[in-house]
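Here is how the chains run, residue by residue.
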Amino acid sequence: MSLEPTSAGLLGIHALTALHPGAGTALGTVDLPVQRERHTGWPTIAGSALKGILRDACREQVKTTTYHTDELHDDGKIKRTRRDQANADDAITHLFGPPTAQSSEFAGAVSVTDARLLAYPVRSLKGVFAWITCPAVMERFARDAAMARLPTVSAASLKPAAPLTAMLPAGCPCGIDGKHILLEEFKLDVAAGDPTAWATSVAGLLLPTTPEYADTVKRFAKQLVVVHDDDFTHFVKYATEVTARIGLDYETKTVKGGALFYQEFLPTESLFYSVVIVNAARTRNSPKAAGELMQSLGGMVTNVPVLQIGGDETTGKGFCSVRLTTGGAK
Amino acid sequence: MSTESKPTPDQERAKHAWAVVEFVLKKFPPTTVTEGGKQVKRPDPKAKKFGGHARKLPVRIMASGLGQALAFLKAKDYTPDLLEALGDWVLKKRTQTALLEAVITGNADTLRMHTAETLAYLQWLNRFCEANNLTDDTNSDGG
C-alpha cells in the first residue's frame, strides 16, 4: 500500500505585543492565566486556536479577491454573506474542512499542532533581556523539526550540567565580565558552550525574512541563552507579566467595589512554533495533492505577516509575526 | 504498615488553613448587630484586616518576591497572626519571623520552594477568609 505523500512545515510565531492565550478563569492567584502544557507547565497556544486563526486569515483573502456581493434570496434577504461564500470555497475547504453545517462531508487537509514555546525573553541586568531556552525544549524542537522535515543544528553540546549555569553565544551582551549573567534576580554562572549556530539556524527557520526583521534575527543569535531545564521552567512560570486591571466608577474616579482582577500575559518577544502537516485533500472528487495545498496555504500566510492570537485584541494584545517554512517533500 | 491512603498535600493545606481561620474568628469574634429588624453578624475589624492582607499577599509575592512581601508585613505590623500562620504551615515554626529568616538565609532552591508552597497555601486561606466575610472593604494598598 503506498502512502499518500504529505507536506509539512514549521509555523514560527513571534510575539510583537504581549500575548494572552487564555485558559479561562482560575481560582488561583491570577484570575486569568495563560494556557499551559500539563506535563511541563510551559505556556502553549492550543492548535484549535491557531487553526481557526489561519482559516480566518485565509478566508478573508478569498473573500476580498473573489466574493464581492452577498448572495440574496428572491425577496432581497441575505442568503449567504460574502464571508459565508468564501467559507465554502474550495480554496478554504480543501485545507480547513467544510463549513460547520457540512462538516461530516470530509475533513480538512491541514493539521496544526499546539504551539510550543521555544525561546522566552527574560530581563537581564546587561543587554536588556535574553531569550532563554533549555535542553528539554531543544530536544523536542529537534524531533518536531524532523516531523516538519526541516534540518536543525545539533544541540548535543548545549546542556548546562547544573541549575544556575548558562551557555551564552560568543559576544553576548548579557554576560557580566564573561563569567556571569543576571536574569531577573538570579545569578547564573557562564558554562562552556556556544549556542550561536543553533540560534542562527532557528532564527532562520522561524523569524520573518523581511528587512525590518534583520536586526531582530541578528539579536536573537547573540542573545539566545541556554539555561538548565529547571531554571527555564521557573522563569516561564514565575516571570510572566501579571497585570492588575480595574474598573473605575465614572463619577468618583475610584475603583468600583470588586472591580479588580489579575491577568497573565506572555511578554513581547516570546517565540513559539507549531508543526503544520498538510495531506492531500480529503474530498471525494479530484483531490488536490498535498504539495499543491501546502503551496496555497503558504502563499496565503505570506500575505498576512502579522496575525492576532489570543485575547484582548482591542487593547493591542496578541499581535504576532508568523512565518510558514515548508520542509522537504516525502 | 498502614494500608489507609494518606491525605494529599493540598488536603493538608486546606485543613491547616481552616484551623487558622477558626482560630482568628475565635480570637477576634464577630459582633451581632440588629439591622432592619434582623440579626446581622459583623466581622471584627482585626479579623477583616487578617483576611484583607491574606488576600493581597499572593500578588505582593509575585510582584516583589516572598522576602519583600513578608518583610513589608512585619514592618507594618498589620496582622501578626498571618505571619505566624505562614511560618507554622511552611516550616512548622509558629513565629512571625520564621519564614522571613528562612528566605534571608536560604538559597535559590529553598526560595522557590517556599514561594510555591506559600502561594498554594494562601489559595486555601483566602477562600476560607472570603467564606467568613473577612475581607478588607477598601481597595487601597495601605493598611
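These lines cover the structure that appears in this document, whether it is placed above or below. Being a predicted model, the structure only gives us computed values, none of them experimental.

Here we take up the overall build of chain A. Helices and strands together make up the secondary structure of chain A, namely eight helices and 16 strands. Here chain A has a C-alpha radius of gyration of 22 Å; the compact-globule value for 330 residues is 20 Å, and the two agree. Oriented by its inertia axes, the alpha-carbon framework of chain A measures out at about 75 × 70 × 40 Å. With 330 residues in all, chain A has 48% of them scored as buried. Residue pairs in contact within chain A that sit at least 24 positions apart in sequence constitute 70% of those at least 6 positions apart. Of the side-chain charges in chain A, 33 are positive and 34 negative, and the distance between the mean point of each set is 2 Å.

Another aspect to go through is the overall build of chain B. For chain B, the helix and strand inventory stands at six helices and two strands. Each principal axis of the C-alpha atoms in chain B carries an extent, and together these give about 55 × 45 × 20 Å. For chain B, the proportion of its 143 residues judged to be buried stands at 41%. When contacts within chain B are restricted to residue pairs at least 6 apart in sequence, long-range pairs at least 24 apart make up 64% of them.

On to the interface of chain B and chain A, then. When the parts come together, some accessible area is lost, and that loss is often what is quoted as the size of the interface. Listed as interface residues are 10 residues of chain B and, on the opposing side, 16 residues of chain A. Counting the surface lost from both chain B and chain A, the interface buries some 1100 Å², and carbon and sulfur atoms represent 63% of this. Here chain B is connected to chain A by one salt bridge. In this assembly, chain B and chain A are joined by two residue pairs in polar contact (both at pLDDT 80 or more). For the side of chain B that touches chain A, the elements supplying multiple residues, two or more each, are α2 (45-64) and α6 (108-131) of chain B. Considering every element that reaches the side of chain B that touches chain A, the biggest residue donor is α6(B), with six residues.

Residues and elements named next belong to chain A. Of all nine residues in strand β6 (residues 115-123), seven are buried; the element is thus mostly enclosed. In terms of strand pairing, strand β2 (residues 44-45) meets β6 through two bridges, oriented antiparallel. Bridging from a neighbouring strand, T44 pairs with R116 of β6. Connecting the antiparallel pair β6 and strand β7 (residues 129-133) is a turn made up of five residues, with G127 showing a positive phi of about 85 degrees.

A few words now on the nonpolar core. A general feature of soluble globular proteins is that nonpolar side chains tend to end up buried together. One finds A:L10, A:F220, A:F232 and A:L297 to be the most contacted residues of the largest nonpolar core, which totals 87 residues. Once you skip the residues sitting within four places of it in the chain, A:F220 turns out to touch A:A119, A:W131, A:A199, A:V202, A:A203, A:L207 and A:L271. B:L70, B:L73, B:L122 and B:L125 belong to the second-largest nonpolar core, a separate cluster that totals 32 residues.

Angle between the axes and distance between the axes are the two parameters that describe a pair of packed helices. Residues and elements named next belong to chain B. It is at 9 Å that the axes of helix α3 (residues 66-76) and helix α4 (residues 80-91) come closest, and there the two elements cross at 140 degrees. Between α3 and α4, the crossing angle belongs to the class labelled oblique. The chirality of how α3 crosses α4 is left-handed. Counting all contacts with α3, which are made through L70, L73 and K74, the residues of α4 involved are L82, L83 and L86. The class makeup of the residues in the contact of α3 with α4 is five nonpolar, no polar and one charged.

All names here are of chain A. Residue position: L72 is located in strand β3 (residues 71-72). Sequence-wise, L72 and D249 are 177 residues apart; in three dimensions their C-alpha atoms are separated by 46 Å. Apart from the residues lying within four places of it in its own chain, the contact partners of L72 are K77, I78 and K79.

Residue and element names in this part refer to chain A. Buried residues dominate strand β1 (residues 7-15), accounting for nine of its nine residues. Residue alternation in β1 divides its side chains into two sets, S7, G9, L11, I13 and A15 and A8, L10, G12 and H14, and both sets are buried. With eight bridges connecting them, β1 and strand β14 (residues 271-278) associate as antiparallel partners. From the neighbouring strand, G9 faces β14, where its bridge partner is V276.

Residues and elements named next belong to chain A. Backbone geometry places R149, a non-glycine residue, at a positive phi of 55 degrees. You can see R149 is positioned in the loop between α4 (135-147) and β8 (165-167). The class for R149 is partly exposed, based on a relative accessible area of 23%. We note that K253 has phi near 60 degrees; this positive angle belongs to a residue other than glycine. Its place among the elements puts K253 in the loop between β12 (241-248) and β13 (255-265).

Those residues of helix α6 (residues 214-223) of chain A that sit buried are A:F220, A:A221 and A:Q223. Against β6, β7, α5 (196-206), β11 (224-227) and β14 of chain A lie the buried residues of α6(A).

Calculation rules
Residues numbered from 1 in each chain as written. Chains lettered and ligands numbered in written order. Predicted model: local features only at pLDDT ≥ 70, side-chain atom pairs only at ≥ 80, totals over all residues. Heavy atoms only, no water. Helix = DSSP H or I, 4+ residues; strand = E, 2+ residues; numbered from the N terminus. Rg over C-alpha atoms; globule rule 2.2 N^0.38 Å. Buried < 20%, exposed > 50% of the residue type's maximum accessible area, 1.4 Å probe, protein only. Contact = heavy atoms within 4.5 Å. Lys, Arg positive; Asp, Glu negative; His and termini not counted. Charge placed at Lys NZ, Arg CZ, Asp CG, Glu CD. Buried area = accessible area lost by both parts, 1.4 Å probe. Salt bridge = Lys/Arg side-chain N within 4 Å of Asp/Glu carboxyl O. Polar contact = N/O pair within 3.5 Å; in protein donor to acceptor, adjacent residues only side chain to side chain. Pairing = 2+ DSSP bridges. Core = buried A, V, L, I, M, F, W, Y, C linked by side-chain atoms within 4.5 Å. Axes fitted to C-alpha atoms, helices over the stretch in contact; angles between N-to-C directions. Parallel < 35°, antiparallel > 145°, perpendicular 65-115°, else oblique. Left-handed = near helix turned anticlockwise from the far one by under 90°. Nonpolar A, V, L, I, M, F, W, Y, C, P; charged D, E, K, R; others polar.

These values are about where atoms sit, not about what they do.
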